[in-house]
Amino acid sequence: METKDPSTLSSWKELQEMAAGFHLDLRKAFEADPGRAEKLTFEAADLHVDLSKNLLTEKVFEKLLELAGQTNIQGLLEAMLRGEHINNTEDRAVLHLALRAPEEKVGSLNVDGQDVVGDVREVLERVYAFADSVRDGSWKGVSGKRIETVVNIGIGGSDLGPAMAYEALKPYVQKGLECRFISNIDPTDVGEKTKDLDPETTLFIIASKTFTTLETLTNARAAKAWLLAGLREAGAIDESEAQTKDAIAKHFVAVSTALDKVAAFGIDPKNAFGFWNWIGGRYSVDSAVGTSLAVAIGRDGFEAFLSGFRAIDEHFRSAAPTENVPLLMGLLNVWYVNFLGAHTHAVLPYSQYLHRFPAYLQQLTMESNGKRVRRDGSLVNYETGEIFWGEPGTNGQHAFYQLMHQGTRLIPADFIAFARPAWDLKDDETEARQHELFLGNFFAQTGALAFGKTVDEVRAEGTIEELVAHRTFPGNRPSTSIMARELTPRVLGELIALYEMIVFVEGAVWGIDSFDQWGVELGKAMAIDLKPAIAGDSAALAATDPSTRGLLEYYFANK
Ligand code: F6P
């Protein structure tokens with residue numbers, strides 16, 4: 001696959017020239033062009049996206065679109081849609097878009113001899129049938145009780161997506177059902193999340209693409225031991241092999257690409273939901289990896305979730321470049337990272353339901369684009385990968401916004417908010433709608449970042465001279481505002497797909513493989529190699545480096 005060094009392109013060089021000494025005064029930009037907000041506000045499906053408070057001029061906008069053309073983002077998208085192996089380092093197709101393809105597309109995409117959409121729909125139907133049976137109580141635990149708690153055990157892409165989406169869609173969760181998510185190999189996680197559960201009404205979903213992940217398999221075994229001990233103690237089963245097998249069949253299902261390994265773990269393959277190696281873990285929330293979510297919000301909710309992804313896919317494929325929101329947001333990020341020197345990117349949802357969204361985006365963006373070599377292995381000579389981070393507003397305002405408003409760093413930020421609240425509370429004392437107080441903060445913060453407060457304004461307030469510098473806000477701090485009417489399953493799907501495409505755009509410009517993750521391998525292998533040393537084998541201990549040895553010795557002295 002051809003790899004371009006983007007820094008050799010004419011548009012890149014011209015952007016570099018534009019960036020040298022670049023200063024955009026946003027107050028003046030809005031004064032000079034009263035139509036700026038309107039010109040730079042776009043609709044993508046149900047998302048209303050205002051880019052006007054970004055450090056963007058018409059010339060930069062044009063040049064970024066030229067860069068998109070010269071790096072052939074469209075060509076990469078088409079290759080992806082044809083099922084070409086654009087994940088070239090793993091020799092795999094990249095087809096998460098097929099996860100949300102509509103029923104009519106069955107048979108339309110054959111990749112490596114597989115009817116991709118047909119396979120997707122077949123698994124989805126099985127997931128829905130399972131979800132229905134848990135929701136209507138026809139799926140029974142071994143003692144005949146209905147399931148009340150579904151515990152997903154997985155990590156990374158097999159955890160963050162469903163955990164984030166479950167939290168985001170709490171108002172859509174069926175009453176009487178709860179989902180929990182165990183990911184960390186820290187025994188605290190499995191211990192705390194099972195300690196108050198009744199094994200007779202608990203069902204585990206073991207989600208692992210590879211079914212080899214140390215954390216997930218260790219936690220799955222811990223859950224199995226907990227379940228069997230609890231059921232035996234309650235007299236629900238005896239020690240016999242038949243009853244043990246029956247209990248596992250009724251309390252464990254799996255999601256994986258490795259169905260042979262699922263069977264070896266003891267889970268009945270008829271209770272396993274497959275996916276495929278053309279779905280990356282961090283792109284899998286809308287596959288069977290979302291089974292816990294499908295149980296929680298049901299078939300209709302999950303289909304609405306998929307329709308949101310689909311709507312943004314469609315927008316990305318068909319909107320003109322000048323109005324293509326994921327394209328423009330991806331290019332803006334490139335502008336900030338490669339030309340204006342930003343290192344991080346804040347994501348600030350003004351929705352408590354989205355409190356796990358920044359963590360979800362960290363894997364999506366950083367595992368995808370945290371690469372220092374291009375597709376052909378050549379080293380890049382420019383920055384890649386942004387550090388995504390964030391917290392819901394208004395909490396972040398009382399924590400790290402100080403640095404965003406008055407610190408020395410450039411931090412582009414995405415603010416996300418919804419017009420309609422799930423909880424419409426009124427403050428008895430002030431008569432104010434709480435949601436309006438909340439949204440007031442959302443509207444105010446992007447304005448304060450962009451327009452700041454000048455020295456003259458601070459002086460005019462009668463501020464003593466010694467404090468004028470401290471109370472001045474420089475402004476010109478960029479942000480994007482994303483709004484939607486309401487946080488529904490569909491809108492959540494749209495938000496996720498929006499960021500998937502932004503990541504795609506950035507990766508395409510940088511010429512990297514956004515779909516592999518070799519950087520996670522070394523630490524995993526070293527943890528396994530260290531097992532004998534941790535267990536006290538002196539030869540293994542002696543073979544470790546002096547720093548690790550010192551830490552292990554501290555551990556031995558204090559355990
Ligand atoms: O450690 C990285 C990773 O491979 C992620 O890419 C993946 O989402 C996660 O581990 C979990 O992997 P699996 O689903 O195979 O258990």
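Residues numbered from 1 in each chain as written. Predicted model: local features only at pLDDT ≥ 70, side-chain atom pairs only at ≥ 80, totals over all residues. Heavy atoms only, no water.

A. Main features of the environment of F302. Tracing the sequence through the fold places F302 in helix α12 (residues 291-318). What F302 contacts, discounting residues up to four positions off in sequence, is L124, Y128, V285, D286, S287, G290, L293, A294 and I297. (Helix = DSSP H or I, 4+ residues; strand = E, 2+ residues; numbered from the N terminus. Contact = heavy atoms within 4.5 Å.)

B. Representation of the confidence of the model for the protein chain. On average, the protein chain scores 97 in pLDDT, and the residues at 70 or more come to 100%. What the predictor reports for the complex is a pTM of 0.97 with an ipTM of 0.97. (pLDDT = per-residue confidence, 0-100.)

C. A look at the pairing of strand β2 (residues 47-50). Here strand β1 (residues 41-44) runs beside β2; their pairing, made up of 4 bridges, is antiparallel. The partner of A44 across the bridge, within β2, is L47. As consecutive antiparallel partners, β1 and β2 are separated by 2 residues, and within that stretch A45 has a phi angle of approximately 50 degrees, a positive value. With 3 bridges connecting them, β2 and strand β13 (residues 479-484) associate as antiparallel partners. When the bridges of β13 are listed, D50 appears paired with S481. (Pairing = 2+ DSSP bridges.)

D. Molecular detail of the packing of helix α6 (residues 116-135) against α12. Running from N to C, α6 and α12 point in directions that differ by 125 degrees, and their axes come no closer than 8 Å. Classed by the angle they form, the pair α6 and α12 counts as oblique. Judged by the twist between their axes, the crossing of α6 over α12 is left-handed. Facing R121, L124, E125, V127, Y128, A129, F130, A131, D132, V134 and R135 of α6, the residues of α12 in contact are T291, A294, V295, A296, I297, G298, R299, F302, E303 and L306. Residues belonging to the contact of α6 with α12 are distributed by class as follows: 13 nonpolar, 2 polar and 6 charged. (Axes fitted to C-alpha atoms, helices over the stretch in contact; angles between N-to-C directions. Parallel < 35°, antiparallel > 145°, perpendicular 65-115°, else oblique. Left-handed = near helix turned anticlockwise from the far one by under 90°. Nonpolar A, V, L, I, M, F, W, Y, C, P; charged D, E, K, R; others polar.)

E. View of the pairing of β13. Most of β13 sits inside the fold, with 6 of its 6 residues counted as buried. The side-chain alternation of β13 yields two buried faces, one formed by S479, S481 and M483 and the other by T480, I482 and A484. Relative to β13, strand β12 (residues 413-418) is paired through 6 bridges, and the arrangement is parallel. Looking at β13, one finds that A413 is bridged to S479. (Buried < 20%, exposed > 50% of the residue type's maximum accessible area, 1.4 Å probe, protein only.)

F. Here's a closer look at the domain arrangement of the protein chain. When its domains are assigned, the protein chain resolves into domain 1 (22-57 + 319-506), domain 2 (96-293) and domain 3 (522-558). When each unit is reduced to the centre of its C-alpha atoms, the spacing between domain 1 and domain 2 is 35 Å. Taken together, the contact pairs 23 residues of domain 1 with 18 residues of domain 2. Together domain 1 and domain 2 conceal approximately 1,700 Å² of surface at their shared face, both sides included; 64% is due to carbon and sulfur atoms. Our enumeration of links across domain 1 and domain 2 arrives at 2 salt bridges. In this structure, R282 and E367 form a salt bridge, with 2.9 Å as the shortest nitrogen-oxygen distance. Where domain 1 meets domain 2, there are 7 residue pairs in polar contact (both at pLDDT 80 or more). Sorting the residues of the side of domain 1 that touches domain 2 by element identifies α14 (357-369) and α19 (489-510) as the ones contributing at least two each. Looking at the side of domain 1 that touches domain 2 residue by residue, the classes come out as 14 nonpolar, 4 polar and 5 charged. (Domains from an automatic or database assignment. Buried area = accessible area lost by both parts, 1.4 Å probe. Salt bridge = Lys/Arg side-chain N within 4 Å of Asp/Glu carboxyl O. Polar contact = N/O pair within 3.5 Å; in protein donor to acceptor, adjacent residues only side chain to side chain.)

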